[in-house]
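Descriptive analysis of the structure
Below are the chains, spelled out letter by letter.
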Amino acid sequence: MSRQYHNYIHGEWTEPKQGEYLANINPADRNDTIGDFPNSTSDDAVIAIEAAKSALAGWAGLSAHARGEFLRKAADILEQRVEEVARGLMREEGKSLPEAKGETLRGVTLLRYYAMQTMLPDGEVIPSAGAKTFLYTKRVPLGVVALITPWNFPVAIPIWKAAPALAFGNTVVMKPSELAPLTAYRIAECFHEAGLPAGVLNVLFGQGARVGETLTSHPDVAALSFTGSVKTGRLLSSQANAYGKKIQLEMGGKNAAVILADANLDQAVTLTIQGAFKSAGEKCTATSRAIIEASVYDEVRRRIVEKTQALKVGPGDDPDAYLGPVISEEAQTTIINAVSEAKNEGVEVLCGGTIPENFKAGFYVLPTVLDNVKPDSKIAQEEVFGPVLALMKADDANHALEIMNGVQFGLSASVFTRNLDAAFDFADRAQAGMIRINGETAGVEPQAPFGGMKASSSYSREQGLAARDFFTQSKTISIDRSG
């Protein structure tokens, strides 16, 4: 019988009110149940919100330095448990062990970064019209914040939301994905062991549909930060807007790597494949389109197909595996169906697009390269969220930008070129929140703002100094001398 886990509310591990649980399945082996986690309801959400509200005054009343010390302690504990946390992440999400360790260490870095931010200036002195008036601003917390996080980065994303929220004096109710709950459980353990006061961080497990409306409508919740699909994000946004909540949304992408004729083709091909197929393509910043200048199209296509066919799939603890399984059987079916539909539209499958015969117990999809992809085709417009790369031909750099910008998303984009003018032109004209020159589309450093344009976001940014802007509000204070 698998282990039963509980919600983390008011500093205690708490059973769900209705006693319902969901099995956490290893995507590399559907017969391996990692544990049973609560499928929480609105009742559990209300209890978590009330716990966060009760802890707010005490937590916000601490000095910024004192709050930062809790983050530093949690970082030390997470660092000591890197192997355990990474292996759990690999088992429930499918990443390779090196990728899982890298993500866990990124979580350590994020905690330390936001602990450091608590010592930065939090306002400014403004010249007043009055000679004896002292006019200044300071940043203050929003209050109780709700965080809804996805399964594909179950360490990094919960921490890059929770760490700044806590550092700047808010209390948190976090709802991680039901597909990767163990990692969030481990994060809560680290904060618990660090001595975080009860109620400051609360972790609620289960399906978002059962608690989402409560988290967006409850009068004691001041703000919502969400990462996930466009459909869910827009639903939550409409609910939160109706109640005047502050909202931060990150909702995916259809990211392109543009390869110009003067590029270093070895570099371009290697990083395009890495961006497309690492983590089985399950990144909102993954490279899903390669837009290639016509004069080198055939050569780049040949190299990409050759290298992709050589990639090995396998479980995360296989050191030879380049990519692991996708997260679930539903995801596997969705990806296979998207490729099949593309074939019906005239797209050619150069390699992959099927389930490997020797891994039937897991949710694997062979890395897939598509050719003859038209800019207006469904596969070129909609996010697949799997190991699928669409090759597209462009007449020149201007045409490549036109194709790249012709989608509803605008999260990340890259260009491979040796031409400095072309690089700057791309950076200026690409409709994306994050631009890489001679780099893969996936990834951004923790100290840099993260977020997209168009349907990829709510015009807000996460990480870096931008996190403080979201998780605080400004207060203006004027002091005049007595008499």
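Please refer to the structure higher up on the page.
Notes on the structure follow. Just so we're clear, the structure is a prediction, and the values are computed from it rather than from any experiment. (Residues numbered from 1 in each chain as written. Predicted model: local features only at pLDDT ≥ 70, side-chain atom pairs only at ≥ 80, totals over all residues. Heavy atoms only, no water.)

1. Describing the pairing of strand S11 (residues 246-250)
As a reminder, the rule being used: Each residue's exposure class comes from its accessible area (1.4 Å probe, protein chains only) as a fraction of the maximum for that residue type: buried when under 20%, exposed when over 50%, partly exposed otherwise. Segments assigned H or I by DSSP are reported as helices when at least four residues long, segments assigned E as strands when at least two residues long, and all are numbered from the N terminus. By the convention used here, strands pair only if DSSP detects at least 2 bridges between them. Throughout, right-handed denotes a crossover for which the path from the first strand over the helix to the second runs clockwise when the strands point away from the viewer.
Among the five residues of S11, four are classified as buried, and the element is accordingly described as predominantly covered. The pairing of strand S10 (residues 221-227) with S11 spans five bridges and is classified as parallel. Across the sheet, the residue bridging to Thr 227 is Glu 250, located in S11. In the classification by handedness, the crossover that spans S10, the intervening helix H8 (residues 230-242) and the parallel S11 is right-handed.

2. Describing the packing of helix H2 (residues 64-80) against helix H5 (residues 156-167)
Quick note on the threshold: All axes here are fitted lines through C-alpha atoms, helices being fitted over the stretch that makes contact, and every angle between N-to-C directions spans 0 to 180 degrees. Every angle not falling under 35 degrees, over 145, or within 65 to 115 is termed oblique; those three ranges are roughly parallel, roughly antiparallel and roughly perpendicular. What makes two residues a contact is simply this: any of their non-hydrogen atoms within 4.5 Å.
Relative to each other, H2 and H5 sit at 150°, their axes nearing to 9 Å. As judged from the angle between their axes, H2 and H5 are roughly antiparallel. Residues Arg 67, Leu 71 and Leu 78 of H2 pack against Ile 159, Ala 163, Leu 166 and Ala 167 of H5.

3. Some points on the environment of Lys 17
Its place among the elements puts Lys 17 in the loop between strand S2 (12-14) and strand S3 (21-26). Lys 17 sits 30 residues away from Ile 47 along the chain, and the two C-alpha atoms are 9.7 Å apart. With near-sequence residues (within four places) excluded, Lys 17 lies in contact with Asp 43, Asp 44 and Ile 47.

4. Observations regarding the pattern of salt bridges
What counts is decided by this rule: What counts as a salt bridge is simple: a side-chain nitrogen of Lys or Arg found within 4 Å of a carboxyl oxygen of Asp or Glu.
Tallying each qualifying case throughout the model produces 29 salt bridges. Where Glu 189 meets Arg 186, a salt bridge forms, and the shortest distance between an N and an O atom there is 3.1 Å. Of this pair, Glu 189 and Arg 186 both sit in helix H6 (residues 181-193), three residues apart, which is roughly one turn of that helix. A residue is classified by how much of its surface remains accessible, and Glu 189, at 14% relative accessible area, is buried. For Asp 318, the salt bridge is made with Lys 312, and the minimal N-O distance between the two is 3.0 Å. By relative accessible area, Lys 312 is classed as partly exposed at 36%. By sharing partners, the salt bridges in this structure join Arg 81, Glu 84, Arg 186, Glu 189 and Glu 193 into a single network.

5. As for the nonpolar core
Quick reminder of the rule: Among buried residues, those of type Ala, Val, Leu, Ile, Met, Phe, Trp, Tyr and Cys that are joined through side-chain atoms within 4.5 Å constitute a nonpolar core.
Counting 64 residues, the largest nonpolar core has Ile 291 and Met 404 as its most contacted members. Examining the composition of this core, we find that seven residues originate from one element, helix H9 (residues 265-277), more than from any other. When sequence neighbours within four positions are dropped, the list of residues in contact with Ile 291 reads Ala 256, Ala 257, Val 258, Ile 259, Met 392, Ala 394, Ala 400, Ile 403 and Met 404. Listed in part, the 63 residues of the second largest apolar core include Tyr 5, Val 85, Ile 157 and Phe 168.

6. Looking at the layout of surface pockets
What counts, and what does not: Using a grid of 1 Å spacing that covers the protein atoms alone, one calls a set of points a cavity when a 1.4 Å probe fits there but cannot get out, and a pocket when the set is open and has protein on both sides within 12 Å along at least five of seven lines; lining residues are those with an atom within 4 Å of a point. Grid points are joined across faces, edges and corners, and a volume is the space filled by probe spheres set on the points. Residue polarity is assigned by list, with Asp, Glu, Lys and Arg as charged and Ala, Val, Leu, Ile, Met, Phe, Trp, Tyr, Cys and Pro as nonpolar; anything else, Gly included, falls into the polar class.
One number sums up the size of the largest pocket: a volume of about 1600 Å³. Considering the residues around the largest pocket, the lining is formed by 47 residues, among which Trp 151, Gly 228, Ser 229, Val 230 and Thr 232 are closest to the centre. For the lining of the largest pocket, the secondary-structure elements that each account for two or more residues are helix H7 (208-217), S10, H8, helix H11 (329-344) and helix H12 (378-381). Within the lining of the largest pocket, the residues separate by chemical class into 20 nonpolar, 15 polar and twelve charged. Taken as a whole, the second largest pocket encloses approximately 400 Å³ of empty space. What lines the second largest pocket is a set of 21 residues, among which Arg 106, Phe 153, Lys 283, Ala 442 and Gly 443 lie closest to the centre. Going through the elements one at a time, helix H4 (97-117) and H5 are the ones with two or more residues in the lining of the second largest pocket.

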